[in-house]
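An overview of the molecular structure
The residues making up each chain are set out below.
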Amino acid sequence: TQAPTPEATAPPEPNVALLATPKSAFTPEGENYYIETAAGLNLKMIRIAGGVYRMGGRFSPQECVKQFGAKPDGYESELPSHNVLLDDFWLSECEITNAQYRLCDPDHRNGEAEGRTLDGADLPVVNVSWAEAAAFCDWLSEQTGHPYSLPSEAQWEYACRAGASSPFFWGNEPNSLFDYANAANPLFIRLGGNFSSLDAFPALAPVGRFPANAFGFRDMIGNAAEWCQDWADAQYYSKGEYRNPLN
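Now for a quick tour of the structure. (Residues numbered from 1 in each chain as written. Predicted model: local features only at pLDDT ≥ 70, side-chain atom pairs only at ≥ 80, totals over all residues. Heavy atoms only, no water.)

1. A short note on the pairing of strand S7 (residues 89–92)
The side chains of a regular strand alternate between both faces of the sheet. Side chains Phe89 and Leu91 of S7 all project onto a buried face; the interleaved residues Trp90 and Ser92 project onto the opposite face, where all are buried too. When strand S4 (residues 43–48) meets S7, the two strands line up antiparallel, connected through four bridges. Across the sheet, residue Ile48 finds its bridge partner in S7, namely Phe89. (Buried < 20%, exposed > 50% of the residue type's maximum accessible area, 1.4 Å probe, protein only. Helix = DSSP H or I, 4+ residues; strand = E, 2+ residues; numbered from the N terminus. Pairing = 2+ DSSP bridges.)

2. What to know about empty space enclosed by the protein
According to the stated counting rule, one finds one cavity of 30 Å³ or more in the structure shown. Considering only enclosed or pocket space, the largest cavity measures out at about 40 Å³ in volume. Around the largest cavity, the lining residues are Phe169, Tyr180, Pro211, Asn213, Phe217, Arg218, Asp219, Met220 and Ile221. Looking at the lining of the largest cavity, its residues break down into six nonpolar, one polar and two charged. (1 Å grid on protein atoms, 1.4 Å probe; cavity = no way out; pocket = protein on both sides within 12 Å on 5 of 7 lines; lining within 4 Å. Points joined across faces, edges and corners; volume = space filled by probe spheres on them. Nonpolar A, V, L, I, M, F, W, Y, C, P; charged D, E, K, R; others polar.)

3. Here we look at the nonpolar core
Within the largest apolar cluster, 20 residues are counted, with the highest numbers of intra-cluster contacts made by Phe136, Leu140 and Tyr148. Of all the elements in the fold, those that place two or more residues in this core are S4 and helix H4 (130–144). When residues of this core are assigned to their parent elements, the largest contribution, seven residues, is made by H4. Core analysis: the second largest hydrophobic core is formed by 18 residues, Val84, Leu86, Ala159 and Cys228 among them. (Core = buried A, V, L, I, M, F, W, Y, C linked by side-chain atoms within 4.5 Å.)

4. Brief notes about helix H5 (residues 153–161)
In terms of residue burial, H5 counts as a mostly covered element, since nine of its nine residues are buried. Looking at H5, one finds that the buried residues are Glu153, Ala154, Gln155, Trp156, Glu157, Tyr158, Ala159, Cys160 and Arg161. A positive backbone phi angle near 55 degrees is found at Ala162, which sits one or two residues after H5.

5. What to know about the side chain of Arg161
Structurally, Arg161 can be placed in helix H5. With relative accessibility at 15%, the residue Arg161 sits in the buried group. If we skip the residues at most four places from it in the chain, Arg161 touches Tyr53, Arg54, Gly56, Arg58, Ser166, Pro167 and Phe169. (Contact = heavy atoms within 4.5 Å.)

6. Quick word on the side chain of Gln155
Structurally, Gln155 can be placed in helix H5. Of note is the side chain of Gln155, whose polar atom sits 2.9 Å from the backbone nitrogen of Ser152. For Gln155, the residues in contact, after removing those within four places along its chain, are Thr21, Leu86 and Phe89. (Polar contact = N/O pair within 3.5 Å; in protein donor to acceptor, adjacent residues only side chain to side chain.)

7. Let's talk about the pattern of salt bridges
All told, the structure shown has five salt bridges when counted by the stated rule. Residue Arg218 is joined to Glu93 by a salt bridge in which the shortest nitrogen-to-oxygen separation is 3.4 Å. One end of the pair, Arg218, is in the loop between helix H7 (186–190) and strand S11 (225–226); the other, Glu93, is in the loop between S7 and helix H3 (98–101), with 125 residues separating them in the sequence. With a relative accessible area of 24%, Arg218 lands in the partly exposed category. Owing to a relative accessible area of 17%, Glu93 belongs among the buried residues under this scheme. (Salt bridge = Lys/Arg side-chain N within 4 Å of Asp/Glu carboxyl O.)

8. Topic: the packing of aromatic side chains
The tally for this structure, following the rule as stated, stands at ten aromatic pairs. Ring geometry for Tyr34 versus Trp90: centroids 4.9 Å apart, planes at 70 degrees, classification edge-to-face. Here Trp90 lies in strand S7 and Tyr34 lies in strand S3 (residues 33–36), a separation of 56 residues in the sequence. Residue Tyr34 shares its accessibility class with Trp90, and that shared class is buried. Judged by centre distance (5.5 Å) and plane angle (25 degrees), the ring pair of Tyr101 and Phe136 falls under stacked. Of this pair, Tyr101 sits in helix H3 while Phe136 sits in helix H4, placing them 35 residues apart in sequence. (Phe/Tyr/Trp six-rings, centres within 6.5 Å; stacked < 30°, edge-to-face > 60°.)

9. Some details on the pairing of S3
Of the two faces of S3, the one lined by Tyr34 and Glu36 is fully buried and the one lined by Tyr33 and Ile35 carries no buried residue. In the sheet, S3 pairs with S4 via four bridges, with the strands oriented antiparallel. Opposite Tyr33, over in S4, you have Ile46 as the bridge partner. What sits between the antiparallel neighbours S3 and S4 is a turn of six residues, in which Ala39 has the positive phi angle 60 degrees.

10. Brief notes about H4
With 15 residues, H4 extends 21 Å between its outermost C-alpha atoms, agreeing within 8% with the 21 Å of an ideal straight helix rising 1.5 Å per residue. Against S3, S4, H3 and strand S10 (148–149) lie the buried residues of H4. After H4 finishes, the residue Gly145 shows a positive phi value of roughly 80 degrees. (Expected span 1.5 Å × (residues − 1).)

Purely geometric stuff here, so don't read any function into it on its own.
Here it is as structure tokens:
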């Protein structure tokens, strides 16, 4: 969920979507959400009350490999877990759709996966680099007059966990994943996932089709990955700031 290191060139990624969060304290009075309608976006933004949470992995890399498959090095970067304090912020309810992204880049195409087109209007936009995701936020800022950016990794994880102390926002059972996220599909299994059931979507699902977490966000697990504002750093969890960390 992080951006590439500064030394790396960011190629288009086939499975990366994005969310956007205002940088400033723009707050419609008395509202916990608002609909951004500028340029025809119809983008629902949800306000998240800040607080302290435990950021990082709950299991050792070996336990993660046993439960979820894939390689241990992907889990090692999520340790050690540590407390983080965040101020209030806003985040979009769902991943940005193809229809929304094409208001900024009309020529963008997602391609295909599992023999199916990924270009449906209500599917999440994918095959965008970090720079392209950031440029969308800049465009959104220009269109709306409100400063938007990609969320920090700390903001993303806070919104994804939605106050849960369990390993998953729905509880402790990893095999319930396919009830809450578009993840248990043939591609995921070929990449090493250990889940035994398949959902109804062989590739991407339209945004918002799965249940929301306690904060009201959908698809933060599964479907497409999301870019964050931070640069990737294997030591980030060991040296990050306590309040509003941004690497």
